[in-house]
Amino acid sequence: PIQVIKILMANGVMANINQLVDFDTAAIVASEMGFEASLETPEEEEVKETGEIPLWRKMLADEKDADLSSRAPVVTILGHVDHGKTTLLDAIRHTQVAEGEAGGITQHIGAYQVEHNGREITFLDTPGHAAFTAMRARGAQGADIVVLVVAVNDGVMPQTKEAINHARAAKVPIIVALNKIDRPDANPEFVKKQLGELGLVPDEWDGDTIMVPVSAKQKIGIEDLLEAILLVADSTSIRANPAGKVVGTVIEAEIDRSKGVMTTLLVQNGTLQAGDAIVAGMAGGKIRAMFDFRGKRIRKAGPSTPVQIMGLSDVPNAGDIFEVVANEKEVRAIVEERKQKEKDRKGSIKRASLEELFANFQSGTTQELKLIVKADVQGSLEPITNSLDDLNKQQSIKVSILHAETGNITESDIMLAAASDAVVIGFNVDADAAARRLAETEEVSVRVYNIIYRLIEDIEKALKGMLEPEY
Ligand code: GDP
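It should be emphasised that the depicted structure is a prediction, and the values quoted were computed from it without experimental measurement.

### Digging into the sheet that holds strand S4 (residues 119-124)
Strand order across the open sheet formed by six strands is S3-S4-S2-S5-S6-S7, with mixed pairing between neighbours. At either end of the open sheet lies a strand with only one pairing partner, and these are strand S3 (111-116) and strand S7 (211-213). Each strand of the sheet is rotated relative to its neighbour by a mean of 30°, with strand direction disregarded. By the bridge criterion, six bridges tie S3 to S4 in an arrangement that is antiparallel. Pairing of Tyr-112 across the sheet is with Phe-123, part of S4. Each of strand S2 (74-79), S3, S4, strand S5 (145-151), strand S6 (174-179) and S7 is contacted by helix H8 (residues 222-235), which is oriented at about 100° to S4, the strand it contacts most.

### Digging into the pairing of strand S9 (residues 247-256)
The sheet contact formed by S9 and strand S10 (residues 260-269) spans nine bridges and is antiparallel. In the strand pairing of S10, Thr-249 is matched with Leu-266. The turn linking S9 back onto S10 is made up of three residues.

### With respect to the confidence of the model for the chain
When pLDDT is averaged across the chain, the result is 82; 83% of the residues are at 70 or more. Taken element by element, the predicted model of the chain shows its lowest mean pLDDT in helix H5 (residues 130-137) (54) and its highest in strand S11 (residues 272-273) (98). Ignoring residues within four places in sequence, the model shows residues 42-52, a span with pLDDT below 50, making 14 contacts including any to other chains. Between residues 467-471, whose pLDDT stays under 50, and residues either more than four places distant or in other chains, the model counts four contacts. If you check the scores for this complex, the pTM reads 0.65 and the ipTM reads 0.99.

### So, the packing of helix H1 (residues 2-10) against helix H2 (residues 23-32)
At a closest axis distance of 10 Å, the pairing of H1 and H2 adopts a crossing angle of 115°. Taken as axis vectors, H1 and H2 run roughly perpendicular relative to one another. In the crossing of H1 with H2, the sense of the turn from one axis to the other is right-handed. The segment H1 lies against H2, with Val-4, Ile-7 and Leu-8 engaging Thr-25, Val-29 and Glu-32. Class assignment for the residues of the contact of H1 with H2 results in four nonpolar, one polar and one charged.

### Overview of the sheet that holds strand S15 (residues 306-312)
Here we have six strands rolled up into a closed barrel, ordered S9-S10-S15-S13-S12-S16, and antiparallel in their pairing. Across this sheet, the average inter-strand angle for adjacent strands is 45°, counted without regard to direction. In the sheet, strand S13 (residues 283-291) pairs with S15 via four bridges, with the strands oriented antiparallel. In the strand pairing of S15, Met-290 is matched with Ile-309.

The rules we used
Residues numbered from 1 in each chain as written. Predicted model: local features only at pLDDT ≥ 70, side-chain atom pairs only at ≥ 80, totals over all residues. Heavy atoms only, no water. Pairing = 2+ DSSP bridges. Helix = DSSP H or I, 4+ residues; strand = E, 2+ residues; numbered from the N terminus. Axes fitted to C-alpha atoms, helices over the stretch in contact; angles between N-to-C directions. Contact = heavy atoms within 4.5 Å. pLDDT = per-residue confidence, 0-100. Parallel < 35°, antiparallel > 145°, perpendicular 65-115°, else oblique. Left-handed = near helix turned anticlockwise from the far one by under 90°. Nonpolar A, V, L, I, M, F, W, Y, C, P; charged D, E, K, R; others polar.

Take a look at the structure:
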């Protein structure tokens, strides 16, 4: 990425690492890197298979076939913003209330279950891609089925495609909910065609994607959607060993002022019990109390069950894998070990200090010190750049200022520094959190001063230091 950004910057595009560039720009960069870019139409768009196997599935592979039994499918709802994900999740939740479920389901813990034709379905109640993506990024995978919501008055949108790609990369089957069919401007046929072009061909056109017309708002077609989910579940092997090793995924976690850390877990194999000692990422502890998604206290939870637990020492991340270990002593040992590893990993990132950088210049061939200067106001930027220019006249090693601007140190400053082996110098400014994180991963040296004299002195000293061997 740094290489690409370097070329982009050389071409006047101050790009950051997540930026989208148009085809023409991409083609220029590609050609400068010795490649030829060719434009693909969406129809030809290949979805990259990551081939990743979620950790819990690997664990499942250790289970004997005879021990496996079918479990409730876990469903996540994806789709473009405003296409109705939240409304649909609420509508599905309410199907149970209509059936007289005591108290209804009012609390949101990140997942819930409904019953349809005597069978259970688990829904991950965190609309949007964030949770799903977080899970995938950590090698976990919560969902067995993706329900892709597409508003039939709006059609396929960028996040619709993104969701399709996510689902495909995770090898999770997709059911399409053609939402908002109640709207006068609904055009489901057009949307089906659009989806067909993306490889989701409706079953009525001999394809293998089930598409269910629904109105989340008017609660139309919800039963059909649940039926479709069970149908797809039956064609996939959704199984686990209720008596096996207990593993699952953290759905969400938060600190409650009176209850401490409240963590929602999705059990994926085995049966979790109150009192179990668990490790989840860098957090761990003994389950002091366990609740179902309705907030009812329970003692046991089998595969596909979402539960909320009390008792972890720290807040784990959504997407962390959890597992049951022998006792609290083991929890502490594992967490300690993981924390130490994390520390070592961080410590091993070589952060080139200004001195080290100069030392490199000293030994290497580089005779240029590149700086990116950020200052609070124009009034301080000028004397700094002038003084640095003056330094140039005195030294044989060149100080070049790649970029001088007022304002805080941002991600793009770090990107530029990383791309050009520069040091970032700040005067009366701060680096925002994202910039600091990036500086750490990209090993960019950032120095902040509040006295101009000190800033110049530091650079001068370092330059002198560089020249010392000549004496
Ligand atoms: P999300 O961003 O995907 O979670 O979308 P929301 O569930 O927040 O819905 C966005 C908007 O669309 C809201 O104003 C909903 O009331 C509306 N909406 C959702 N489903 C339907 C539907 O079936 N019909 C109509 N007419 N409006 C809907």
